[in-house]
Amino acid sequence: MGDEPGPVFGVFRGAVALLPVFANDILKVGAEGLGFMRAAASTGSVITMLAMTRFSPMGKPWRNLLIAVTGFGLSIICYGLSKSFYLTLFFLFLEGSFDSVSVIIRQTIMQLLTPDEMRGRVSAVNSMFIGSSNEIGAFESGLTAKLMRTIPAVVFGGSMTIGIAFITWLKTRPLTRLSLQDINEQTSKVV
């Protein structure tokens with residue numbers, strides 16, 4: 001689940017594709033350190049998923065989604081700026097945590113609010129965009145790292161994620177106050 005960002009956010013999420021550069025050239029922790037770095041986000045994701053079985057983020061899902069995406073972007077920026085291996089692990093852990101909250105909310109909204117007759121097609125299109133956004137994000141990070149250097153590329157990706165979340169918040173502010181049931185009622189009126 002931690003590898004499943006939204007299509008737009010996923011494009012700027014490819015900073016994790018640069019983990020080998022951080023492990024070898026910046027933090028100098030080698031292959032073993034890289035393994036820990038790769039595991040940190042997954043660990044954050046698993047622990048958060050377990051916590052979400054008890055504390056649902058669906059009370060105000062749109063608000064919580066924007067908070068999670070913003071937290072994700074901030075953790076990416078902090079990971080990019082960190083010079084400490086243990087701090088980097090912490091920020092990658094947070095990245096996985098925020099990403100899993102975002103995945104839970106998006107998948108729940110998609111399954112519950114998509115009309116029955118459209119659910120298969122919407123899921124197929126969603127899967128196609130999510131799968132390709134990971135690859136495009138890795139390409140974007142590699143290209144940006146080539147043009148800007150590694151650390152500025154990671155900070156750029158996190159900043160763009162926060163910027164997109166902010167623009168989304170500006171355009172959808174009324175949704176942040178709604179519960180899942182309110183959103184469902186709103187979409188039922190439109191359909």
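This text goes with the structure placed above it.
Residues numbered from 1 in each chain as written. Predicted model: local features only at pLDDT ≥ 70, side-chain atom pairs only at ≥ 80, totals over all residues. Heavy atoms only, no water.

(A) Spotlight on a positive patch on the surface. A cluster of basic residues, Lys60, Arg63, Arg173 and Arg177, forms a positive patch at the surface. When you line up the elements, Arg173 lands in the loop between α7 (150–171) and α8 (180–190). (Patch = residues over 30% accessible without salt bridge, like charges linked within 9 Å, V, L, I, M, F, W, Y side chains within 5 Å. Areas by Shrake-Rupley, 256 points an atom, 1.4 Å probe, with all protein chains shown as cover. Salt bridge = Lys/Arg side-chain N within 4 Å of Asp/Glu carboxyl O. Lys, Arg positive; Asp, Glu negative; His and termini not counted. Charge placed at Lys NZ, Arg CZ, Asp CG, Glu CD. Helix = DSSP H or I, 4+ residues; strand = E, 2+ residues; numbered from the N terminus.)

(B) Expanded view of the pattern of salt bridges. In this structure the tally under the stated criterion is 1 salt bridge. Of the charged contacts, one joins Arg119 and Asp116 as a salt bridge, the two residues approaching to 3.0 Å between their closest N and O atoms. In this structure Asp116 comes out as exposed when scored by relative accessible area, which is 60%. (Buried < 20%, exposed > 50% of the residue type's maximum accessible area, 1.4 Å probe, protein only.)

(C) Structural context of the packing of helix α2 (residues 19–26) against α7. Running from amino to carboxyl end, α2 crosses α7 at an angle of 145 degrees, the nearest separation of the two axes being 11 Å. The crossing of α2 and α7 is left-handed. Residues Val21, Phe22 and Ile26 of α2 pack against Thr150, Ile151 and Val154 of α7. Here the residues of the contact of α2 with α7 sort into 5 nonpolar, 1 polar and no charged. (Axes fitted to C-alpha atoms, helices over the stretch in contact; angles between N-to-C directions. Left-handed = near helix turned anticlockwise from the far one by under 90°. Contact = heavy atoms within 4.5 Å. Nonpolar A, V, L, I, M, F, W, Y, C, P; charged D, E, K, R; others polar.)

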